Amino acid sequence: MSWLSSSQGVVLTAYHPSGKDQALGGNHGKGGEEATTSRRYGQYTMNQEITKVIERPPFDRSSSQDSLDELSMEDYWTELENIKKSSENRQEDQEVVVVKEPDEGELEEEWLKEAGLSNLFGEAAGDPQESMVFLSTLTRTQAAAVQKRVETVSQTLRKKNKQYQVPDVRDIFAQQRGSKEREPPDGRESQSVRTDENKYQGKDDQASSLAVGEKELTPLVPEEAPASETDINLEVSFAEQAVNQKESSREKIQRSKGDDALLPSFRLPKDKTGTTKIGDLAPQDMKKVCHLALIELTALYDVLGVELKQLKAVKIKTKDSGLLCVPLTVLLEQDQKKVPGTRIPLIFQKLISRIEEGGLETEGLLRIPGAAVRIKSLCQELEAKFYEGTFNWESVKQHDAASLLKLFIRELPQPLLSVEYLKAFQAVQNLPTKKQQLQALNLLVILLPDANRDTLKALLEFLQRVVDNKEKNKMTVMNVAMVMAPNLFMYHTLGLKSGEQREFVMAAGIAHIMHLLIKYQKLLWTIPKFIVNQVRKQNTENHRKDKKAMKKLLKKMAYDREKYEKQDKSANDADVPQGVIRVQAPHLSKVSMAIQLTEELRASDVLARFLSQESGVAQTLKNGEVFLYEIGGNIGERCLDDDTYMKDLYQLNPNAEWVIKSKPS
């Protein structure tokens, strides 16, 4: 089944700070006309420039990564040649992609919307109260990133003679400081959260908090406790760490060079309040995390002098059924009708399963392509028979399945790394150190749409399993990175119209990024603690404001305020003694359990005690089916990892409820 036609296309609006209308990769249209790119089965090119792109450029070590010599890049160029041959055996229908230059300030305006700050400009700008709580939690570098974009939008709107005004971010922060000075903390919750956060998040986290506008700032990273070279500090803003590093170690900072095969063994130091993974938070808190992650990523790029370019896809028409060139969200809608709750496309899962059935010890796995003619035939047959359940998977050879998996990734209407952030992923190679590259990738993974992130995770886990068999299949992590990089990043690289040396540097760069994604994937799905703490502070402030509004409402309605406060206190305390938590599992048992907090009590201990008491429940559950959750207080909902120390977490969030339940699918 053909999935390309002249009427099926995607309009991509590329945001560049200046210049004329451009096509992806920097090609300019002539005579002011819109530049267009033609797409043939996953390959975005400019006027049939593909033959030039895949010609191997001469090697010059002077401007490429030291770790990537001509021999080690062989797999990359071979993969590009295989992709070209695959495309030549596909149909000639084309999908048009139009790239237009945005109006002045449009990039910044879109950025503010993505960061959840759209009410700082436009008709809602006169009432910025909704954003004041959010802004009050930002670090110095985050605030600077917001201010820079607000000022650009403000200048643009003034030039356009808009009737409404855009408030200066400095004025908004000043309003927030003034309101804090006028309004003392109200209620046990806001006081205890501030005290306990400062006490139990450590000096690093205290240093990362910021009172914007003050002349003196506390040190961002305490000099008496320098982090290990292999530690990833998640308690302090990444951008603030970069500022501190630039200011204190200007002579020591070296750009990220060296053998990729000898990448450091980065690790996450143990956090007594628990590590938070993507998927552990409630949707309302995860939305705040994404807003903060975008601001933090932008701040990090600003501090390091790297331009953060974003694209935007304006969809005209895409296929609404089928397997190839179908948006991930559409695929999942189809698949969830057959397998409710599935988060990864069924065809993607089946292709990986078929590859693994052939054994991951096969030499050259992923590198050796299937026969192009056979791949074309399989695609047509899959389109017709996959959802009917009549496709004969026994006829699919292992190398064919691997080629189909890569083809599926290339033929997504929008790249797996997303249109919006693909250039930001590419720009990671320009960051000075590997630690900063890893920090940026962590934030970018958080920013991916759910479907893209889940599918990427499944892909990286599979690639790691391939690497685990490198002794037999001869596919090291670098080999796998070389082969997979063009399939994930070719959306831009095949559209480049540049010198041969730049092509080599770009190829080396994206292969390096692919290597980082595979090697450090377990770290990349972690939500930094400093961002979780910012969400806690936002929730605390919002609760305080809501409580104050409620008290005013009750007073107007002539209710007894003291009665309300007494009820509120009793609801929070619930006659539980200090130092004791009450654990409940409403979906499993009618009985709750009071547990005395100790220094060594962990979440896994709480689960074990509860399940041992409820023997009937324990017998019906398998290990790992239920988890302990922190619900309410200064967080919406958070699934706790087994090594969370309950006393430390209780002191951070004393008003939380503790609930045992299964994770939502």
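As the structure is a prediction and not an experimental result, all values here were calculated from the model.

Draft legend 1. The overall build of the chain, seen in detail. Secondary structure summary: the chain contains 26 helices and 12 strands in total. For the chain, the share of sequence-separated contacts (at least 6 apart) that also reach a separation of at least 24 residues comes to 79%.

Draft legend 2. Here's a closer look at the side chain of Asn 473. Along the chain, the position of Asn 473 falls in helix H18 (residues 470-473). At a separation of 2.8 Å, a polar atom in the side chain of Asn 473 contacts the main-chain carbonyl oxygen of Val 466. A polar atom in the side chain of Asn 473 sits 2.8 Å from the backbone nitrogen of Met 475. Sequence-distant contacts of Asn 473, defined by excluding residues within four places in its chain, comprise Leu 360, Glu 361, Thr 362, Glu 363, Gly 364 and Val 466.

Draft legend 3. Focus on helix H11 (residues 328-338). Within H11, the full set of buried residues consists of Leu 328, Val 330, Leu 331, Leu 332, Gln 334 and Asp 335. Here the buried face of H11 lies against helix H12 (346-357), helix H14 (398-410) and helix H17 (450-467).

Draft legend 4. Layout of the sheet that holds strand E9 (residues 593-596). Taken together, the five strands give an open sheet; going across it, the order is E9-E8-E12-E10-E11, and neighbouring strands pair in mixed fashion. Whereas interior strands pair on both sides, the edge strands pair on one side only; in this sheet they are E9 and strand E11 (635-639). Averaged over all neighbouring strand pairs, the angle between strand axes comes to 30°, with direction disregarded. Judged from the two bridges that link them, strand E8 (residues 580-584) and strand E12 (residues 657-661) form a sheet pairing that is parallel. The residue of E12 that forms the bridge with Val 583 is Trp 658. Contacts from helix H24 (residues 603-613) reach E8, E9, strand E10 (627-632) and E12, with the element oriented near 140° to E9.

Draft legend 5. Seen up close, the pairing of E8. As paired elements, E8 and E9 share four bridges and run antiparallel to each other. For Ile 581, the partnering residue across the bridge sits in E9 and is Ile 595.

Draft legend 6. Focus on the pattern of salt bridges. Following the criterion strictly, the structure yields 23 salt bridges and no others. Residue Asp 285 pairs with Lys 288 through a salt bridge whose shortest N-O separation is 3.9 Å. One end of the pair, Asp 285, and the other, Lys 288, are both in helix H10 (residues 283-303), three residues apart, so they sit about a helical turn from each other. As far as burial versus exposure is concerned, Asp 285 and Lys 288 are alike and both buried. Residue Asp 643 is joined to Arg 602 by a salt bridge in which the shortest nitrogen-to-oxygen separation is 2.7 Å. Here Arg 602 lies in the loop between E9 and H24 and Asp 643 lies in the loop between E11 and helix H26 (646-652), a separation of 41 residues in the sequence. Here the residues in one salt-bridge network are Glu 235, Asp 271 and Lys 529, joined through shared partners.

Draft legend 7. Spotlight on the confidence of the model for the chain. Of all residues in the chain, 63% attain a pLDDT of 70 or more, and the chain-wide mean is 75. Across residues 91-101, confidence stays below pLDDT 50; counting only partners more than four residues off in sequence or on other chains, it has 62 contacts. Every residue in residues 569-573 scores below 50 in pLDDT, and together they form three contacts with partners more than four places removed in sequence or on other chains.

Draft legend 8. Inspection of unusual backbone geometry at higher detail. At Cys 325, a position not held by glycine, the phi torsion is positive, near 55°. Positive phi, normally seen in glycine, also occurs at Lys 474, with a value near 60°. As for its placement among the helices and strands, Lys 474 is situated in the loop between H18 and helix H19 (477-493). By relative accessible area, Lys 474 is classed as partly exposed at 44%.

Draft legend 9. The arrangement of the environment of Ser 403 in detail. Within the element layout of this structure, Ser 403 appears in helix H14. By relative accessible area, which is 12% here, Ser 403 ends up buried. In this structure the C-alpha to C-alpha distance between Ser 403 and Leu 351, which are 52 residues apart in sequence, comes to 9.5 Å.

Draft legend 10. Fine view of the packing of aromatic side chains. Counted according to the given criterion, the structure contains seven aromatic pairs. Residues Phe 348 and Phe 408 carry aromatic rings whose centres are separated by 5.6 Å and whose planes lie at 55° to one another, so their mutual orientation is tilted. A residue pair is termed long-range when its members are at least 10 positions apart, and Phe 348 in helix H12 and Phe 408 in helix H14 qualify at 60 residues. Like Phe 348, the residue Phe 408 is buried in the burial classification. The side chain of Arg 149 reaches across the aromatic face of Trp 111, ending 5.4 Å from its centre. Above the ring of Tyr 645, the side-chain terminus of Lys 272 is found at 5.0 Å from the ring centroid.

Draft legend 11. Fine view of the nonpolar core. Grouped together as the largest cluster of nonpolar side chains are 135 residues, with contacts concentrated most on Tyr 301, Leu 366, Leu 463 and Met 514. Ranked by residue count, the leading element in this core is H10, at 12 residues. The contacts of Leu 366, once residues within four sequence positions are left out, are Glu 79, Ala 402, Lys 406, Phe 462, Leu 463, Val 466, Met 475, Val 480 and Val 483.

Draft legend 12. Geometry of H14. Given a rise of 1.5 Å per residue, 13 residues ought to cover 18 Å, and the 19 Å separating the end C-alpha atoms of H14 matches this to within 8%. Of all 13 residues in H14, 12 are buried, a share of seventy percent or more. Residues Gln 398, Asp 400, Ala 401, Ala 402, Ser 403, Leu 404, Leu 405, Lys 406, Leu 407, Phe 408, Ile 409 and Arg 410 constitute the buried set of H14.

So, how was this worked out
- Residues numbered from 1 in each chain as written.
- Predicted model: local features only at pLDDT ≥ 70, side-chain atom pairs only at ≥ 80, totals over all residues.
- Heavy atoms only, no water.
- Helix = DSSP H or I, 4+ residues; strand = E, 2+ residues; numbered from the N terminus.
- Contact = heavy atoms within 4.5 Å.
- Polar contact = N/O pair within 3.5 Å; in protein donor to acceptor, adjacent residues only side chain to side chain.
- Buried < 20%, exposed > 50% of the residue type's maximum accessible area, 1.4 Å probe, protein only.
- Pairing = 2+ DSSP bridges.
- Axes fitted to C-alpha atoms, helices over the stretch in contact; angles between N-to-C directions.
- Salt bridge = Lys/Arg side-chain N within 4 Å of Asp/Glu carboxyl O.
- pLDDT = per-residue confidence, 0-100.
- Phe/Tyr/Trp six-rings, centres within 6.5 Å; stacked < 30°, edge-to-face > 60°.
- Lys NZ or Arg CZ within 6 Å of the ring centre and 35° of its normal.
- Core = buried A, V, L, I, M, F, W, Y, C linked by side-chain atoms within 4.5 Å.
- Expected span 1.5 Å × (residues − 1).

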